[in-house]
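Next come the chains, spelled out residue by residue.
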Amino acid sequence: MTKKSFGRPVPILVGLGFPRHVENIWQAYDVLNEWPSRGPAHKAAFDACRAGLADEVDAETVRAAFEAFARKAGILAHDVAAEIPGRHQSHCGSRRRLKCPAGHVTC
């Protein structure tokens, strides 16, 4: 793990809801650089990425800012999965299981 890598990836949904794991400052920077709408959460995360790339802040500070942006933008995979109706029941033994666009079974 390099000093620009996150301790654990930030799972986001991109495109048509396909999962992507953002694992380091460069990947977070790329997502933010291509993001179409800007706002305070975007600016905070983008500024954190630039500071992280300049070794002014650590990777976990950047990760926290990026995760806050993803949550605000509605693309944080954990938050979206928690809102899927029936998700908890499948984990608790229900026969109903959901699949993500890539075909993985989720609970």
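Numbers given for residues are sequential positions, taken from 1 along each chain in its written order. Only residues with pLDDT of at least 70 get local features here, since the model is predicted, and only at 80 or more are side-chain atom pairs given and counted; chain-wide, interface and lining totals rely on the full set of residues. With hydrogens and water stripped out, all remaining heavy atoms of the structure feed into the side-chain values.

**Considering the pairing of strand 2 (residues 18-24)**
Here is step 1 of the chain: Following DSSP output, two strands are said to pair if at least two bridges run between them. Only DSSP runs of H or I with at least four residues qualify as helices, and only runs of E with at least two residues qualify as strands; both kinds are numbered from the N terminus onward. Looking at chain direction, strand 1 (residues 5-14) and strand 2 are connected through 6 bridges and run antiparallel. Bridge assignment links Ile12 to a residue of strand 2, and that residue is Arg20.

**Some words on the nonpolar core**
Here is step 1 of the chain: Each nonpolar core is a collection of buried residues, namely Ala, Val, Leu, Ile, Met, Phe, Trp, Tyr and Cys, held together in the definition by side-chain atoms within 4.5 Å. Per-residue accessibility, obtained with a 1.4 Å probe over protein chains only, is compared with the maximum for each type, and a residue is labelled buried under 20%, exposed over 50%, and partly exposed between these values. Residues Phe6, Val10, Ile12, Val22, Leu32 and Phe66 are the most contacted members of the largest nonpolar core, which totals 20 residues.
Here is step 2 of the chain: Of all the elements in the fold, those that place two or more residues in this core are strand 1, helix 1 (25-34), helix 2 (40-53) and helix 3 (59-73).
Here is step 3 of the chain: Considering every element that reaches this core, the biggest residue donor is helix 3, with 6 residues.

**Thoughts on the packing of helix 2 against helix 3**
Here is step 1 of the chain: Throughout, an axis means a line fitted to C-alpha atoms (over the contacting stretch in the case of helices), and angles, computed between N-to-C directions, take values from 0 to 180 degrees. Running from N to C, helix 2 and helix 3 point in directions that differ by 155°, and their axes come no closer than 8 Å. Taken together, the axes of helix 2 and helix 3 are roughly antiparallel relative to one another. Our pair here, helix 2 against helix 3, has a crossing hand that is left-handed. Residue-level inspection shows Ala41, His42, Ala44, Ala45, Ala48, Cys49 and Gly52 of helix 2 in contact with helix 3, the latter providing Val62, Ala65, Phe66, Phe69 and Lys72. Note on angle classes: values under 35 degrees are labelled roughly parallel, values over 145 roughly antiparallel, values of 65 to 115 roughly perpendicular, and the remainder oblique. In a left-handed crossing the near helix is turned counterclockwise from the far helix by less than a right angle, and in a right-handed crossing that turn is clockwise. Residue contacts follow a heavy-atom distance rule, with two residues in contact if any of their heavy atoms lie within 4.5 Å.

**Notes on helix 1**
Here is step 1 of the chain: Taken together, the buried positions of helix 1 are Ile25, Ala28, Val31 and Leu32. Buried residues along helix 1 cover an arc of 125° about the axis, so they all sit on one side.
Here is step 2 of the chain: Considering only its buried residues, helix 1 is in contact with strand 1, strand 2, helix 2 and helix 3.
Here is step 3 of the chain: Contacts described as polar in this section are N or O atom pairs within 3.5 Å, which, within protein, must combine one atom able to donate a hydrogen with one able to accept it, while residues neighboring in sequence count only if both atoms come from side chains. The N-terminus of helix 1 is capped by Asn24, whose side-chain oxygen sits 3.0 Å from the backbone nitrogen of Trp26. When we speak of the arc, we mean the arc of directions from the helix axis to the C-beta atoms.

**Focus: the packing of aromatic side chains**
Here is step 1 of the chain: Pairing of aromatic rings covers Phe, Tyr and Trp, the last counted by its six-membered ring, and requires centre-to-centre distances within 6.5 Å; plane angles under 30 degrees mean stacked, over 60 mean edge-to-face, and any other angle means tilted. As enumerated under the stated definition, the model contains 4 aromatic pairs in all.
Here is step 2 of the chain: Note on Tyr29 and Phe46: the rings are 5.1 Å apart at their centroids and 20° apart in plane angle, and the pair reads as stacked. Of the two residues, Tyr29 sits in helix 1 while Phe46 sits in helix 2, which places them 17 residues apart along the sequence.
Here is step 3 of the chain: For Tyr29, a relative accessible area of 22% corresponds to the partly exposed category.
Here is step 4 of the chain: Classification of Phe46 by relative accessible area gives buried; the value is 12%.
Here is step 5 of the chain: Ring centres of Trp35 and Phe69 lie 5.4 Å apart, and the angle between their planes is 90°; on these two criteria the pair is classed as edge-to-face.

**Structural notes on the environment of Pro9**
Here is step 1 of the chain: Among the structural elements, Pro9 can be located in strand 1.
Here is step 2 of the chain: Residue class for Pro9 comes out partly exposed when judged on its relative accessible area of 33%.
Here is step 3 of the chain: Distance in space between the C-alpha atoms of Pro9 and Val22 is 5.3 Å, their sequence separation being 13 residues.
Here is step 4 of the chain: Those residues in contact with Pro9 that sit more than four places away from it in its chain are His21, Val22, Glu23 and Arg63.

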